[in-house]
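What follows is the residue order along each chain.
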Amino acid sequence: MRATKAVIHLDCLKENIASIRRKIGPKVGICVPIKADAYGHGAVRVAVAAIRSGAAYLAVASVQEGIELRESGIVAPILLFSLPLPEELPAVVEHHLTLMITDKEFAEEAASAAREQDEIANVHIKIDTGMGRIGCRPEDALELAAFIASCKSLRYAGTASHFPSADSVCPDDIAYTKQQIALFKDAVSQIHSAGIDPGILHIANSGGVVLHEDSYFDMVRPGLLMYGYPPVESMAEAVPVKPVMELVTNIVFMKQVKKGDYISYGRTWQAPEDTVLATLPIGYADGLSRALSGQFSVCIKGKLYPLVGRICMDQCMVDLGKNPPVNRWDEVSVFGGADASFDAADIAKKLNTVPYEITCNINKRVPRVYLG
Ligand SMILES: *Cc1c(COP(=O)(O)O)cnc(C)c1O
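Residues numbered from 1 in each chain as written. Predicted model: local features only at pLDDT ≥ 70, side-chain atom pairs only at ≥ 80, totals over all residues. Heavy atoms only, no water.

### A short note on the pattern of salt bridges
Item 1. The final tally for this structure, using the stated rule, is 10 salt bridges.
Item 2. Notably, a salt bridge pairs Arg 2 with Asp 286, separated by 2.9 Å at the nearest N-O pair. Of the two residues, Arg 2 sits in the segment before β1 (5-9) while Asp 286 sits in the loop between β14 (275-280) and β15 (297-300), which places them 284 residues apart along the sequence.
Item 3. The partly exposed category is assigned to Arg 2, whose relative accessible area is 28%.
Item 4. Assessed through its relative accessible area of 0%, Asp 286 is described here as buried.
Item 5. Linked by salt bridges that have partners in common, Arg 2, Asp 286, Asp 314 and Arg 365 make up one network. (Salt bridge = Lys/Arg side-chain N within 4 Å of Asp/Glu carboxyl O. Helix = DSSP H or I, 4+ residues; strand = E, 2+ residues; numbered from the N terminus. Buried < 20%, exposed > 50% of the residue type's maximum accessible area, 1.4 Å probe, protein only.)

### Considerations on the packing of aromatic side chains
Item 1. Going through the model one piece at a time under the given rule, you end up with four aromatic pairs.
Item 2. Judged by centre distance (5.2 Å) and plane angle (80 degrees), the ring pair of Phe 296 and Phe 342 falls under edge-to-face. A residue pair is termed long-range when its members are at least 10 positions apart, and Phe 296 in the loop between β14 and β15 and Phe 342 in the loop between β18 (331-335) and α10 (344-350) qualify at 46 residues. Both residues of the pair, Phe 296 and Phe 342, count as buried.
Item 3. The cationic tip of Arg 267 hangs over the ring face of Tyr 262; the distance from NZ or CZ to the ring centre is 4.6 Å. (Phe/Tyr/Trp six-rings, centres within 6.5 Å; stacked < 30°, edge-to-face > 60°. Lys NZ or Arg CZ within 6 Å of the ring centre and 35° of its normal.)

### Some details on the site of the ligand
Item 1. Lys 35, Tyr 39, Ser 206, Leu 224 and Tyr 356 are the nearest of the 13 residues found near the ligand.
Item 2. One of the backbone N or O atoms of Gly 223 is found 2.8 Å from an oxygen atom in the ligand.
Item 3. Look at the ligand: alone it shows 390 Å² of surface, and the protein chains cover 93% of it. (Near = heavy atom within 4 Å. Polar contact = N/O pair within 3.5 Å; in protein donor to acceptor, adjacent residues only side chain to side chain. Areas by Shrake-Rupley, 256 points an atom, 1.4 Å probe, with all protein chains shown as cover.)

### Overview of unusual backbone geometry
Item 1. A positive phi angle, near 55 degrees, is found at Asp 118, a position not held by glycine.
Item 2. Locating Asp 118 in the fold gives a position in the loop between α6 (104-116) and β6 (121-126).
Item 3. With a relative accessible area of 75%, Asp 118 lands in the exposed category.
Item 4. In this structure, Phe 217 is a non-glycine residue whose phi angle is positive, near 45 degrees.

### With respect to the environment of Val 332
Item 1. Of note, Val 332 is situated in strand β18.
Item 2. The buried category is assigned to Val 332, whose relative accessible area is 1%.
Item 3. In this structure, Val 332 is in contact with Leu 247, Val 248, Thr 249, Asn 250, Ile 251, Leu 280, Val 298, Cys 299 and Ile 300, ignoring residues within four places of it in sequence. (Contact = heavy atoms within 4.5 Å.)

### Remarks on the domain arrangement of the chain
Item 1. Partitioning the chain into structural domains gives domain 1 (10-230) and domain 2 (245-371).
Item 2. A separation of 38 Å is found between the C-alpha centroids of domain 1 and domain 2.
Item 3. Taken together, the 10 residues of domain 1 in the interface contact 11 residues of domain 2.
Item 4. Summing both partners gives a buried area of about 1,100 Å² for domain 1 against domain 2, and 62% of it is carried by carbon and sulfur.
Item 5. It is Tyr 39, His 41 and Tyr 229 in domain 1 that bury the most area against domain 2; as a group they hold 49% of the surface buried on that side.
Item 6. The tally of links from domain 1 across to domain 2 stands at zero salt bridges.
Item 7. The interface formed by domain 1 and domain 2 holds five residue pairs in polar contact (both at pLDDT 80 or more) in total.
Item 8. For the side of domain 1 that touches domain 2, the secondary-structure elements that each account for two or more residues are α1 (10-24) and α2 (35-39).
Item 9. Among the residues forming the side of domain 1 that touches domain 2, the class breakdown is five nonpolar, three polar and two charged. (Domains from an automatic or database assignment. Buried area = accessible area lost by both parts, 1.4 Å probe. Nonpolar A, V, L, I, M, F, W, Y, C, P; charged D, E, K, R; others polar.)

### Points about the pairing of strand β5 (residues 97-101)
Item 1. Within β5, five of the five residues are buried, which leaves the element mostly enclosed by the surrounding structure.
Item 2. Across the two faces of β5 the burial is the same, with Leu 97, Leu 99 and Ile 101 and Thr 98 and Met 100 all buried.
Item 3. Note: strand β4 (residues 78-80) against β5, three bridges, orientation parallel. Bridge pairing links Ile 78 to Leu 97 in β5.
Item 4. The β-α-β motif built from β4, the intervening helix α5 (residues 89-94) and the parallel element β5 has right-handed crossover chirality.
Item 5. In this sheet, β6 lies alongside β5 in parallel orientation, the contact comprising three bridges. Directly across from Leu 99, in β6, lies its bridge partner Val 123. (Pairing = 2+ DSSP bridges. Right-handed = clockwise from strand over helix to strand, strands pointing away.)

Structure follows, in structure tokens:
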């Protein structure tokens, strides 16, 4: 197998889910977001491990992602977070994916797709309480619920919303989230009052789980936390988690360089003194962003060493210093290791993005190896 691989620590995933469980208590359900190939961790293996750890629901973004899970034999309910095209609805019905319904037109399309297969499709209503992405306005939720309840080929199984800033401790963001929770409760109680059962209620993402206990309702949907990254860094202790993905590689070449030698494209680095360099078979085509050139270190035998020169498509160079206690073929932890290594959150900060994007960008060329 190739040196560069993403080791997926399923034991950490299980511990993270147990940590979430301790926070939310025994009664609240857990929905596992495994969109984007489980944030890059591998959807099927993560789904199986999460279900074994007590998760009841799975969630994906595309119909294709849902089909992949079904074809691997997974029978748990699968929520479709994003809206498919009408032409994808027959596959949604056939594979028993649960739709988020946002409007009457879409409900009609779903109802007719289900009718055509003589099926009853499970649907949840998505209310937009302030995310501004998909969903009906809170004041229209009752009408949509009544319409869905009247469709014989639809089963109204849940009501949901989503937070844009539940991971922020700014008072303004906290107030905004509280207002969303109030809007959600109000819409749900209108549906109840009309004699309609709104099904499973769910709104909390990772930020909601950590910061807003009043957002748990019947089920929570924490993705980032489950993969081992605290959504609110200052509150990492509230729900302790460990990174599930560790990106590793091996040293494939070592050489002595002389003071003044240039290294890599653009000759951006020149050895300030005689030193030993290692070459690693990992580059930006594996998801190690070129923008990290000159500001990143990898961990070898528990010690950090800086990358020098530009990160190439498939390779990069590390300065080991004089007489390093390191050998050719030694293993290298690029990020997410248990010891001193950087994690996806450290990298995200350097790249002005979020840890989600770092693990998602570790692409298909990098084999996933499952431990635990
Ligand atoms: C991705 C997603 C989540 C999970 O968000 P995290 O921040 O990873 O916890 C929850 N709900 C919806 C609708 C999502 O799209």
